[in-house]
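Residues per chain are reported as follows:
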Amino acid sequence: MSCLRIISSLLIRDNRLVKGKKFKNHIDSGDPVTTCVAYDSQGIDEILMIDLDSYNNLKEPNYEIIEKINKRCNTPFSFGGGIKNEKDALQCIKKGADKILINTNLSKQLVGKISNEIGRASIIGAADIYYDGKKYNLFKNNTKTNIDALEYIKNIMDYEIGELKITYVDREGTREGFDIEFSKKIQDLCNKPIIFEGGFSDLDDICKAFKNGINSIAIGSLVTFSDNNIFMIKQYLENKGFEVRLRK
Amino acid sequence: MTLFSNDVAAIDSCKEIKSKDTIILPGVGNAYSVSKFLEKNGYFDEIKEFENKNKKIIGICLGMQMLFKDLNEGGNSKGFGFFSSEVLEISKISKLKTNIGWRKIKSIDKNFLENENYYYFCHSYYVNINDEDYSFLKCVTEENPRIPAIIQKNNIFGLQFHPEKSQKKGIMLIKKFLEF
């Protein structure tokens, strides 16, 4: 078993952190730079930041925030939002991001071009999915599509991406519990690392996911709006016999 | 990262290399594009000359892989050739096509590092160490497949992981190599 990866998932809007439920009703949750510094000192394994302002291609990527954070932290940092071409991607890397995330603009052609510039290990392909009561579908451009989630994921596995990020839209921010069964199905399809996000209710819920073979998770509400901190979560996991990296 | 900002500067031209004591070849990139860029802009000769003077070179991630002879990402391309091993796709030795995350590394060469620590890896190609290079291999990842993590020959250091993104332990390691 390899070392488990705990990633902090952060959303920003107008240079402030925000957190919502099921991709809606975002409320202010602090300053992005000082929050990243705090996670860095608690030994987070990675930070993943999505800029909602540039998410729908309304603005160019927020290079300034990438630079500010990477001047103060030496934690692996991924950024998503508004990356439309290989130039945008390269600029994110130059400002200090280790990886970039592509969701709305994800296509084989675009990813191929970006990979020629920054290498595929630094590209995260992301898919948001929701459950309609019968089946799992893709959620894209703020819309519930009828595209089958597993078919879509199978398809993007052929793209030049280094890893995959899955977010469960209807669980995101709810703390109603992680979807283990479907995550296992996704995992069986993929030959690249996968980051899962959405719905983790408590520390035992995280343990359950890891026991079922999940290796990397992104958490938001669980640390933003509760007494948990990264060190505590990792200590708990270590006590349960999992391999985590504790900051010593 | 500001820790070394007074002493460290990014360069824009290969002509600046001569005046430096140490050069760091950072990671993140596509091997083919980087190799072509460095070749076109005269870096190959400058860096080889730098090495001839026994000045210090530290290669990180793709920067480490550039120290080798043959690279394969994005098509065949050449590295500086300080080591002779080939750089291959990680899927040749691993179920997953990318190695991402914190991995514990251990010394092969006893006492090269006093402690085993976790460092951050993010790569889809690895160095397939050959017999000729084996004596320069200092550290590998603890878990299987054992990925070459640190290689060193005289004043040339190669690190497959990212010490600059490996929090406190990573910074300590950069300092160690700068003072080596």
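The numbers attached to residues start from 1 for each chain and follow its sequence in the written order. Ligands are numbered from 1 and chains lettered from A, in the order in which they are written. In view of the model being predicted, local features appear only for residues whose pLDDT reaches at least 70, and side-chain atom pairs are presented and counted only at 80 or more, with totals across whole chains, interfaces and linings using the full set of residues.

**Q** Now, about helix H1 (residues 32–42) of chain A: what can you tell me, with residues and values included?
**A** Residues and elements named next belong to chain A. With C-beta atoms placed from the backbone, a residue is labelled by how many other C-beta atoms lie within 10 Å of its own: buried for 20 or more, exposed for 12 or fewer, partly exposed between the two. Only DSSP runs of H or I with at least four residues qualify as helices, and only runs of E with at least two residues qualify as strands; both kinds are numbered from the N terminus onward. Residues Pro32, Thr35, Cys36, Tyr39 and Asp40 constitute the buried set of H1. Considered in projection along H1, the buried side chains sweep an arc of 140 degrees and stay on one side of the axis. A positive phi of about 85 degrees marks Gly43, the residue just after H1. By construction, the arc corresponds to the directions joining the helix axis to the C-beta atoms.

**Q** How would you explain the pairing of strand E7 (residues 117–123) of chain B if you had to name every residue and give the values?
**A** All names here are of chain B. Counting buried positions along E7 gives 6 out of 7 residues, so the element sits mostly inside the fold. Only strands that DSSP links by at least two bridges are regarded as paired with each other. In the sheet, strand E6 (residues 99–107) pairs with E7 via 7 bridges, with the strands oriented antiparallel. Its bridge partner lying in E7, Lys104 is registered against Tyr118.

**Q** How would you explain the interface of chain A and chain B if you had to name every residue and give the values?
**A** In this description, any two residues whose backbone-derived C-beta atoms lie within 7 Å of each other are considered to be in contact. Contacts between chain A and chain B engage 30 residues on the former and 28 residues on the latter. Of all the secondary structure elements, the ones that give two or more residues to the side of chain A that touches chain B are helix H3 (63–72) and helix H5 (108–118) of chain A. With 4 residues, H5(A) is the single largest residue contributor to the side of chain A that touches chain B. Under the scheme applied, nonpolar residues are Ala, Val, Leu, Ile, Met, Phe, Trp, Tyr, Cys and Pro; charged residues are Asp, Glu, Lys and Arg; polar residues are all the others, including Gly. Grouping the amino acids of the side of chain A that touches chain B by side-chain chemistry returns 6 nonpolar, 12 polar and 12 charged.

**Q** Could you give me a rundown of helix H1 (residues 31–40) of chain B, with the residues and numbers involved?
**A** All names here are of chain B. Listed in full, the buried residues belonging to H1 are Ala31, Val34, Ser35 and Leu38. Projected down its long axis, H1 carries its buried residues within an arc of 100 degrees, all on one side. Set apart from the buried face of H1 by more than 90 degrees, the exposed residues are Phe37 and Lys40. On its buried face, H1 is in contact with helix H2 (43–52), helix H3 (62–65), strand E3 (70–71), strand E4 (77–78) and strand E8 (125–128).

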